[in-house]
Each structure stands twice: as structure tokens, then as C-alpha cells.
Amino acid sequence: MAAPLERTSLPGVYRRGSRYVVVYRRDGRQHRRSVATLVQARSLRRRLDAERAERMRGVTLHAYALRWVGRHAGSGHDTVNERTRTEYRRLLDTYALAYFDPELALADIDHAALQGFVGWLTLRPGSAGARLSDRSIRNALTPLRRCLEQAVADGVLERNPAERLVLPRRRAGKPYRFDERRFLTRAQLARLIAELPPRWRPPLRLLASTGLRISEAIALRWSDMELAADPPRLRVRRAIVAGQLTAPKSRYGIRAVPLSRSLAAELRRLRQPDVGEDELVFPAGNGAPLSPGNLRNRVLAPAAARAGVPWASFHTLRHTCAALLVAAGASPLRLQRWMGHHSPAYTLEAYGHLIDGELGTALDLDHGLG
């Protein structure tokens, strides 16, 4: 049995017994070459890196990006599923690959070229004819940034030219004003729930009180509900997207969310004695998963119009939950875990405007807060 490889201070170079092993990739496969000394290993590593850079220099951005998106599995801090890869592929096709010349070599991408791309995005109309929002521009850049990060890891680029890009912040220096239509006040929420048919009040109340995505709510099974616990809660373990059962958007989406006792009691009354643990909590009439589109068009939209909030959507209920949590004093970390976001930074970006910007009283080191 061969001796195990031991790391050295040189990337890609390992020690095995009295010899050194250089590990490298070529044509998508891993290879190993053994040499007698560390000096020889360093020299071989440099030569292999130079050969690889020479081979890769002719690779175009288009070819590399399409290969990358087909095998992208995440950054190590998160996982990427097929749904995310599909969205990355759509964003690349719509924006980056539409802007950059198909013959442009990946190695020739520089910071100036990417800044030009940002400018093009800033002026480019979206699908509805309006200009892309700042957030849409960041989303359009995300797969390209990650592709270039991988190119650095692969040794194709020395550094990521997407670092320190200047992105638009088109608010003319004025404080950001949160669109009031993105969340409901308690009075608006009460009116909306009152306008719902009785059958649909529990699932819509659950969306507003837990902040679950509609894809997560329609995938809930009775085995996910801990209604007799103290306090009651539910566990998010899966989602249904486009009729397909899938994992939540990220590993942080798998979470336990508290339930109020009144909502837990309401949900307990929904369950019939013959309903099994693995059956859906909110099935359609035929027992299949609910269609969010049908539920929105036939139930939510008419009720929202009658309640005087015609702009309300399923995501409005998620934002409403976040707004109520912030108003109750929830910390950014608690809000992140509750909403199932991948990082507190994303949570602050999405909901930071709801948090009181005042710093409060001064900190007196002798007597605490003054």
C-alpha cells in the first residue's frame, strides 16, 4: 500500500516517503508525477503551470464560461444545484455572452473591459422595457464573477479582473426609500386575510408569520410540523419548484422556524385523522402539490384587490414577515437564520433599510450607556 501524501508549502506539491509528488490536471483529468527532491518538484510545477497557461491562453470567454457553468458545484461555502446552474446559464446567455465578442480570449479580459460591461448593463433595457435595476445588474454579474474566480483557481488568469468594479448606485445621494408596496402593515395584512376564502387563510397566514418562500410552503409535510412542541415550530427541508421536488436554495434554507400557538392550533385542526405523516400539509384538491400560479391568480390576487393591496404577492408576505421581525427587535443574525439566507450580508442588503439607523445613546466606559 502506497504511503499517504503529505502537504508541503508549495501548492500542488506533496511528499510521499523520501520522494515528492506533483499533482496537476490536464484535459479534465488529474495526473501525478514523482521526483526525487523538492527543488525538482518546484521546477516541474512551474513548467507544468507555464505549459497550462500557454495551452489555455487561446480559450475564449464563451467556451470557458459555458464549460464552467455546466460543472459549477459551488464555492465551498455553499452548494449549487441544477436550478441555480440553469439560472446562471440564462444570465450568461442574456448578458455577458451577448456583450463580449465570441472570439475574445479569456486571458484578454481585463478590468476596463468588465467596467465597460457594467456600463452597458446600466443603459440596457430589461425585458419589460425599463432599465435594469442596481440589483439586477449585480445579479447579471454574479455568474461572470464566479466564472472568473474559477479561472484564477485553474491558473488561466493571475487575478480576477472583476475585483473592485464600480457598480451603479442610482439614488442621487438620497436615502433609500423602501417601496411601501413590498410589505404590508398589520392592518393591511388583517384586511387581506379577512378577504381570503376560509380554506386558504391558514397557508397565507403561515407565509406571513414564518416568511417561508411559497416553494417551501407547498412542500411542507405533516412530518415537518412540530405542532405539539413547546414552542411549536416547523422544519423546512425541501421545496417544490416548477413541479419538481428539490432542496432549498442553499444549505442555510434548511432550518426550523417558530410558530405562534394560535397558528399551530389552526394547523392542527386542518389535519384529518386518516392523513399520514408524509402527506402534504397544503395539497391541491387532487392531493398533488399546489400550483403557485393558480393559487396566486385564483386566490391571492382577487383577495388582495378586495383588500385594497392589489400589488401584494407571495413574496410580499415574506417581506412582511421580515418587517415585523425587525420591528420586534430581531437581530440581523436571527433574521438571516429565520429567512434562510446564505449570509447576514445578504440579509442586511435586503432588509437593512428596515433597521433603525440611529446609534442610540453614547457609550460611557465608566458607567455603560449614558
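Residues numbered from 1 in each chain as written. Predicted model: local features only at pLDDT ≥ 70, side-chain atom pairs only at ≥ 80, totals over all residues. Heavy atoms only, no water.

### Quick word on the overall build of the protein chain
Within the protein chain, the regular secondary structure consists of 13 helices and 11 strands. Among the 370 residues that make up the protein chain, the fraction classed as buried is 38%. Counting contacts in the protein chain only where the partners sit at least 6 residues apart, residues at least 24 apart contribute 56% of the total. Surface summary for the protein chain: the accessible area is close to 21,400 Å², and the carbon and sulfur share equals 52%. (Helix = DSSP H or I, 4+ residues; strand = E, 2+ residues; numbered from the N terminus. Buried < 20%, exposed > 50% of the residue type's maximum accessible area, 1.4 Å probe, protein only. Contact = heavy atoms within 4.5 Å. Areas by Shrake-Rupley, 256 points an atom, 1.4 Å probe, with all protein chains shown as cover.)

### Notes on the packing of helix α2 (residues 61-71) against helix α5 (residues 134-153)
Between α2 and α5, the least distance of the axes is 10 Å, while the angle of their chain directions is 95°. With respect to each other, α2 and α5 are oriented roughly perpendicular. Across the interface between the two elements, L61, Y64, A65, W68 and R71 of α2 pack against P143, L144, R146, C147, Q150 and A151 of α5. By residue class, the composition of the contact of α2 with α5 is 8 nonpolar, 1 polar and 2 charged. (Axes fitted to C-alpha atoms, helices over the stretch in contact; angles between N-to-C directions. Parallel < 35°, antiparallel > 145°, perpendicular 65-115°, else oblique. Nonpolar A, V, L, I, M, F, W, Y, C, P; charged D, E, K, R; others polar.)

### Here we look at unusual backbone geometry
Trans is the common state for peptide bonds, and a negative phi is the common state for residues other than glycine. Cis geometry is adopted by the peptide bond preceding P231, which originates at D230 and carries an omega value of 5°. Within the secondary structure layout, P231 lies in the loop between β5 (225-226) and β6 (233-236).

### Some words on the nonpolar core
Of all hydrophobic cores here, the largest spans 49 residues; its most connected members are L206, L212, M225 and L234. Put simply, the parts of the chain that give this core at least two residues each are α6 (186-195), α7 (201-210), α8 (214-217), β6, α9 (261-270), α10 (292-306), α11 (314-327) and α12 (332-339). Considering every element that reaches this core, the biggest residue donor is α11, with 6 residues. Residues contacting L212, with those up to four places away along its chain left out, are L206, L207, A217, L220, L234, V236, R255, V257 and R318. Core analysis: the second largest hydrophobic core is formed by 31 residues, Y64, V69, L121 and L144 among them. (Core = buried A, V, L, I, M, F, W, Y, C linked by side-chain atoms within 4.5 Å.)

### Here we look at the sheet that holds strand β3 (residues 19-26)
Judged by pairing direction, the sheet is antiparallel, and its 4 strands sit side by side in the order β1-β2-β3-β4 without closing on themselves. A strand with exactly one partner marks an edge of an open sheet, and here the two such strands are β1 (6-7) and β4 (29-35). (Pairing = 2+ DSSP bridges.)

### Some remarks on the sheet that holds β6
Spatially, the 3 strands line up as an open sheet ordered β5-β6-β9, and their pairing is antiparallel. Both outer strands of the open sheet, β5 and β9 (255-258), are each paired with one neighbouring strand and no more. Pairing analysis gives 4 bridges linking β6 to β9, with the strands arranged antiparallel. Across the sheet, residue L234 finds its bridge partner in β9, namely V257.

### Structural notes on the environment of A229
Residue position: A229 is located in the loop between β5 and β6. Overall, the relative accessible area of 28% leaves A229 in the partly exposed class. For A229 and R261, which are 32 residues apart along the polypeptide, the C-alpha to C-alpha distance reads 9.8 Å.

### Examining the pairing of β3
As judged from the 4 bridges shared by strand β2 (residues 13-16) and β3, these two strands associate in the antiparallel manner. Within β3, the position partnered with Y14 by the bridge is V21. Between β2 and β3, which pair antiparallel and follow one another directly, the connecting turn spans 2 residues, one of which, G17, has a positive phi of 65°. Bridge count between β3 and β4: 7 bridges; the pairing is antiparallel. Note on β4: the bridge partner recorded for R26 is R29.

### Things to note about the pattern of salt bridges
Evaluated as defined, the whole model comprises 13 salt bridges. R235 is paired through a salt bridge with E226; the nearest N and O atoms lie 2.8 Å apart. Of the residues examined, E226 reaches a relative accessible area of 23% and is grouped as partly exposed. E277 serves as the salt-bridge partner of R271, at 2.8 Å between the closest nitrogen and oxygen. Taken together, the shared-partner salt bridges in this structure form one network comprising R159, E163 and R164. (Salt bridge = Lys/Arg side-chain N within 4 Å of Asp/Glu carboxyl O.)

### Quick look at the packing of aromatic side chains
Scanning the model with the defined rule gives 6 aromatic pairs in all. Measuring from centroid to centroid gives 4.8 Å for Y99 and F100, while their planes differ by 85°, and the two rings are edge-to-face. Classification of Y99 as partly exposed rests on a relative accessible area of 31%. Relative to W120, the ring of F117 has its centre 5.9 Å away and its plane inclined at 25°; by these criteria the two rings are stacked. (Phe/Tyr/Trp six-rings, centres within 6.5 Å; stacked < 30°, edge-to-face > 60°.)

### Some points on the environment of D101
As for its placement among the helices and strands, D101 is situated in the loop between α3 (82-99) and α4 (111-123). Separated by 39 residues in sequence, D101 and H62 have C-alpha atoms that sit 8.3 Å apart. Polar contacts involving the side chain of D101 include one to the main-chain amide nitrogen of E103, which spans 2.7 Å. (Polar contact = N/O pair within 3.5 Å; in protein donor to acceptor, adjacent residues only side chain to side chain.)

### As for the side chain of E266
Here E266 shows up in helix α9. Overall, E266 belongs to the buried group, its relative accessible area being 18%. A polar contact of 2.9 Å, which involves the side chain of E266, links it to the side chain of R205. Beyond its immediate chain neighbours, meaning those up to four positions away, E266 contacts P202 and R205.

### Some thoughts on the confidence of the model for the protein chain
Averaged over the protein chain, the pLDDT score is 82; the fraction of residues at 70 or greater is 83%. β5 holds the highest mean pLDDT among the elements of the protein chain, 94, whereas strand β11 (residues 368-369) holds the lowest, 48. Note on residues 172-181: pLDDT under 50 across the span, and 9 contacts to partners over four residues away in sequence or across chains. (pLDDT = per-residue confidence, 0-100.)

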